[in-house]
Amino acid sequence: MVLIENMTKKETNSVLKPADLEAIERVIYRNGDDIATAVGRAFERLEEKMDAAESRVLVRLTEIENGLKAELLTLRLLAEGDSEVVISE
């Protein structure tokens, strides 16, 4: 309550008063479990997003690798003369 009263005053003081700090500490202490749960869930969501991004990167790298393998095979066949691949304009 003290914090709210100090916030609604016309004069702005940029320094928190001891009563304000005590009020904040009480709120954190009383809601510590909720805060810990919220932070834990935030980290879980972040981990899920990182896993999804990693999966997308790996899928894309596999696609690139497969494309390179196909290109190398084509070039190898051309170099060996075992292919009828025609390069045109």
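Residues numbered from 1 in each chain as written. Predicted model: local features only at pLDDT ≥ 70, side-chain atom pairs only at ≥ 80, totals over all residues. Heavy atoms only, no water.

1. Quick notes on the overall build of the chain
Assigned secondary structure in the chain consists of 3 helices and 0 strands. Seen in sequence order, the chain has helices and strands lined up from the N terminus as α-α-α. Summed over all atoms, the accessible surface of the chain reaches about 8,400 Å², with 59% contributed by carbon and sulfur. (Helix = DSSP H or I, 4+ residues; strand = E, 2+ residues; numbered from the N terminus. Areas by Shrake-Rupley, 256 points an atom, 1.4 Å probe, with all protein chains shown as cover.)

2. Here's the deal with the confidence of the model for the chain
Detailed reading of predicted coordinates is not advised where the pLDDT is low. Overall, the predicted model of the chain reaches an average pLDDT of 83, with 75% of residues at or above 70. Summarising per-element confidence for the chain, the mean pLDDT is lowest in helix α1 (residues 2-8) (60) and highest in helix α3 (residues 32-80) (93). (pLDDT = per-residue confidence, 0-100.)

3. A closer look at the pattern of salt bridges
Throughout the structure, instances matching the rule amount to 1 salt bridge. Among the ionic pairs, E63 bridges to R60, the shortest N-O distance being 3.1 Å. Here R60 and E63 lie together in helix α3, a separation of 3 residues that amounts to about one turn. Note on R60: relative accessible area 47%, which makes it partly exposed. (Salt bridge = Lys/Arg side-chain N within 4 Å of Asp/Glu carboxyl O. Buried < 20%, exposed > 50% of the residue type's maximum accessible area, 1.4 Å probe, protein only.)

4. Quick look at a nonpolar patch on the surface
On the surface, a nonpolar cluster with roughly 820 Å² of combined accessible area is contributed by L16, L21, I24, I28, I35, V39, F43, L46 and M50. Secondary structure elements with two or more residues in the nonpolar patch: α2 (18-30) and α3. Top contributing element to the nonpolar patch by residue count: α3, with 5 residues. Here L46 is to be found in helix α3. (Patch = residues over 30% accessible without salt bridge, like charges linked within 9 Å, V, L, I, M, F, W, Y side chains within 5 Å.)

5. Focus on α3
Counted at 1.5 Å a residue, the expected span for α3 with its 49 residues is 72 Å, and the 71 Å between its end C-alpha atoms agrees. A positive phi of about 75° marks G81, the residue just after α3. (Expected span 1.5 Å × (residues − 1).)

6. Remarks on a negative patch on the surface
Negative charge collects at one region of the surface, where E44, E47, E48, D51 and E54 lie side by side. Mapped onto the secondary structure, E54 falls in helix α3. (Lys, Arg positive; Asp, Glu negative; His and termini not counted. Charge placed at Lys NZ, Arg CZ, Asp CG, Glu CD.)

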